[in-house]
Amino acid sequence: MSGTSEGPSAPAGTASGVPPAPVTERHTAAMDPLVTDAPVTAPPPGAPGGGAPSPAGDGDGHGPTASELRDCRAAFNAAALPMGVVDGRGLVVRANEALGGLLGTAAAVLAGRRASELLDLASDDRTWHAYREVLLGRRSRFRCTRRLKHPDGRSLWTEVTIVPMTGASAAEPARVLLTVADVSDRRELQERLRHLQMHDPVTRLPNRTLFFERLASALETPPYQDDAMPRRQHARIGLCYLDLDGFKAINDTLGHRTGDRLLAAVAARLTDCADNDASRHAGGSRLVARLGGDEFAILVEDSTGTEELTELARSVLAALQQPFDLAGQRLSVSASIGVVERTAAGTSPTGLMQAADTTLYWAKADGKARWTLFDPERNAHRMTRQSLSSTLRPAVERGEFTLEYQPLVGMADGVLRGVEALVRWNHPQFGVLPPNRFVQIAEEDGSIVQLGRWVLRTACRQARRWQLDHPDEPPLFISVNVAVRQVWDSDLVADVAEILAETGLAPGLLQLELTESAVMGSGGRPLRALQALSDMGVRIAIDDFGTGYSNLAYLSRLPVSVLKLDGAFVKGFRYEDGTHPSPADETIVEAMVQLAHRLGLTVTAECVETAGQAERLRRIGCDTGQGWLYSRAVAPEQIAGLIGSRPLEG
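So, a few notes on the structure that sits alongside this text. (Residues numbered from 1 in each chain as written. Predicted model: local features only at pLDDT ≥ 70, side-chain atom pairs only at ≥ 80, totals over all residues. Heavy atoms only, no water.)

Let's talk about the sheet that holds strand 5 (residues 175–182)
What counts, and what does not: Here a strand pair is declared whenever DSSP counts at least two bridges between the two strands. Secondary structure elements follow DSSP: runs of H or I no shorter than four residues count as helices, runs of E no shorter than two count as strands, and numbering proceeds from the N terminus. All axes are obtained by fitting lines to C-alpha atoms, using only the stretch in contact for helices, and the reported angles, taken between N-to-C directions, cover 0 to 180 degrees. What makes two residues a contact is simply this: any of their non-hydrogen atoms within 4.5 Å.
Ordered in space as 2-1-5-4-3, the five strands form an open sheet in which the pairing is antiparallel. Bordering the open sheet on either side are strand 2 (92–95) and strand 3 (142–149), each of which pairs with just one other strand. Adjacent strand axes in the sheet meet at a mean angle of 25° when their direction is disregarded. With seven bridges joining them, strand 4 (residues 155–164) and strand 5 adopt antiparallel strand pairing. Among the inter-strand pairings, V163 is bridged to a residue of strand 5, identified as L177. Relative to strand 4, helix 6 (residues 184–198) is tilted by about 120°, and along the sheet it contacts strand 3, strand 4 and strand 5.

Some thoughts on the environment of A529
Worth spelling out the cut-off: Buried residues are those whose accessible area, probed at 1.4 Å on protein chains only, stays under 20% of the maximum for their type, while exposed residues exceed 50% and partly exposed ones sit between those limits.
Mapped onto the elements of the fold, A529 is located in helix 19 (residues 525–536). Overall, the relative accessible area of 10% leaves A529 in the buried class. Residues A529 and A494, 35 residues apart in the sequence, show an inter-C-alpha distance of 9.6 Å. Setting aside residues no more than four positions away along its own chain, A529 makes contact with V487 and V493.

Description of unusual backbone geometry
The phi torsion at A327 lies on the positive side, around 50°, for a residue other than glycine. A relative accessible area of 65% means that A327 is categorised as exposed. In the Ramachandran plot, D544 falls in the positive-phi region, its phi being about 55° despite a non-glycine side chain. With respect to the element layout, D544 can be found in strand 18 (residues 539–545).

This is the structure we're talking about:
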């Protein structure tokens, strides 16, 4: 066997007839006692080199003793830990019985076999490279975990350790010792713990952690792509992100135990839909997960397009609409579903979840119990809205807002009586924005208080300037829109009093407009504020009257001076464009004008666009008109040119 020899010739000067020394191992082999098959004996007493064996590592330079070599061989063969010796070519030189038993064969059969094939060390580049580095003496140790197939069909998880052995020389190349530990039980325990860690205990579904791990894996770009992987280059991914409608009420009224049972039943139906839905194709993979609370997700890998996702969403809604029978209780729930489907390339887990969350919000905002497909255009509008919201407050401080003014004209004589102040935002990115693009945002985040105070001060200052510049003309009143949040979140009465005193404008020349929905529900603090403003002499106008609550009983209790009829009624007066006028609209407007006059209120018609409309409104008795027939909203300099001029034609 490799590593053995017939022994050296007798040295010169040895007497003839003296028997040669017994056959011994080379020194190199003695340093690797596990790899020799030659007999190991000690020289007889009196022979050259005879005497007691030298202990390993003694000062005479001799290797281990024969006894130590036999002990090493016996320990190697009897060891419970599977071990083997591998030469520099990667061939097994010797294996112990434990390694043979682990691999389901006799130890002697393993000699001459490639260790990499026995232990699956060449299945991936990283492992193969590290293994070769140890064989070549460039690395001191290597350890890896491999899954092996036992001849009886069992799968074994093993931990393979490879370390160099000492004693290499030019005549005897280096060898390595490999040990193979069966870690199947430990691996099974780890997998059980991981399963518990990655699954929801209530529904048994994958939890949020496993979902995002799977999502990241599905979106991961391979390190290389070739012609053999065309499908991966064009892979698509889809997500149904759903939330149960009204689940909190069930949880609060019937208890968490019933809520958990309902969640488990919902999970079962979702799993059934994902597995058996008709839209599923053979190559696709689906994962149903509970993300937390009453939120679930169905991840669709390698989707065929939006149709597959929308069909799955329909199936889920239909399944959840069927009542649930839970321990004698019959419960019904619905769900809102956000559906996203796109190319996997260029998509990040964060981006996909943001799109799904946004779309789920749309589904709820649109009425719940429905699915909504992600719309890039709608999302762009949302992103724009978010951008406006984040820059609105600083914009007031930077002076990015301006006011334009639209004339309010007497219907009877066409004379300019007042103007309505309309705010514009000169946005550095989006250009000039009208009020409907940002006022609602300002109301939601509270910046309407700061913005409204600026509008009120600027408008009153401008009205006073017109009055001073045209002392011989009747002063114009200024109408300013006020949001209901301004009444709630600020001391509007104090603000108005301060601004009127600061600008010198008479209270009677200020008109504050509130929408009908805001005014009609007023009570408590808002009602007291409106009453205090009216007592101050400020006129209160109800904007867009006729489209909100239209509770006429409020008119007798609120300190209202003016009704502004919504333009929807005025549009029914059109004659010029061939449209037949609406008799119902005319009757309603006429009745409202008469009612307002009997209550001592004046009436302004909005959206007057044609002379025919103006004439009809004039005959009905409307007091003032506002609309493109007279003028669009213009800069204050142009309003100054209209003061004292000939009547505006209507």
